[in-house]
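# Per-entry structural report
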Amino acid sequence: MTKEQIIKEVTEELFKKLNISGTVVVLEEEGALKVLVETDEAGLLIGFHGETIQPLELILTLLVSKKLGEFTRINLDIAGYKKQREEKILSLAREIKEQVKAQSSPRVLANLTASERRLIHLFFQDDKEVTTESQGEGEERQLIIKPR
């Protein structure tokens, strides 16, 4: 059995235990293993503003890692929610960059998850006009976009 087949099997087993039906596709993209799920119960799995998908992703990562005998990070996307969210976050980041450049002053983005902050950090990593940094702890952590 391939790694992708095992991940698909573990995911289907988890959703079966949750009494949720749907289709599961496992892809390897850019060195990451993505689990794409389509289901009529996407709203339940995503939760309010995505609050359920992240813990579900962690549980799936732990189950898969245990089954494979090695840590394997899983990127779970349900009904394309994460992909749409990433596109919105990057669009917002571009808008903020233009504001930072125009006003020559930093802007703060709050209420982002760790993965969303990381996405923006990576997006601006090689940018010649702005830089990013995270500040604060836990729930209060914020991302700052500022001119170079």
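In this report, the structure presented in the accompanying data block is examined. Throughout this description, residue numbers start from 1 for each chain and increase along the sequence as written. Side-chain atom pairs in this predicted model are given and counted only at pLDDT of 80 or more, local residue features only at pLDDT of at least 70, and totals for whole chains, interfaces and linings cover all residues. As a rule here, side-chain values come from all non-hydrogen atoms in the structure, and water together with hydrogens is ignored.

Below, the discussion takes up helix 5 (residues 114–124). Listing the buried residues of helix 5 in full gives E116, R117, I120 and F124. Down the axis of helix 5, the sector holding all buried residues measures 100°, keeping them to one side. The elements touched by buried residues of helix 5 are helix 4 (81–103), strand 4 (107–109), strand 5 (130–135) and strand 6 (142–147). Burial status follows relative accessibility: with a 1.4 Å probe on protein chains alone, a residue under 20% of its type maximum counts as buried, one over 50% as exposed, and anything between as partly exposed. Secondary structure elements are defined from DSSP: runs of H or I of at least 4 residues count as helices, runs of E of at least 2 residues count as strands, and each element is numbered from the N terminus. When we speak of the arc, we mean the arc of directions from the helix axis to the C-beta atoms. It only takes one pair of heavy atoms within 4.5 Å for two residues to be counted as in contact.

Here we take up the pattern of salt bridges. A side-chain nitrogen of Lys or Arg and a carboxyl oxygen of Asp or Glu constitute a salt bridge if their distance falls within 4 Å. Under the criterion given, the structure shown has twelve salt bridges. With a closest N to O distance of 3.7 Å, K17 and E13 form a salt bridge. One end of the pair, K17, and the other, E13, are both in helix 1 (residues 3–17), four residues apart, so they sit about a helical turn from each other. Two residues, E133 and K146, come together in a salt bridge whose shortest N-O distance is 2.6 Å.

All right, on to the side chain of E57 then. Secondary-structure assignment places E57 in helix 3 (residues 53–68). With a relative accessible area of 15%, E57 lands in the buried category. Side-chain polar atoms of E57 contact the side chain of K82, separated by 2.3 Å. Sequence-distant contacts of E57, defined by excluding residues within four places in its chain, comprise I74, N75, L76 and K82. Residues adjacent in sequence count toward polar contacts only when both atoms are side-chain atoms; beyond that, a polar contact is any pair of N or O atoms within 3.5 Å, and within protein one must be able to donate a hydrogen and the other to accept it.

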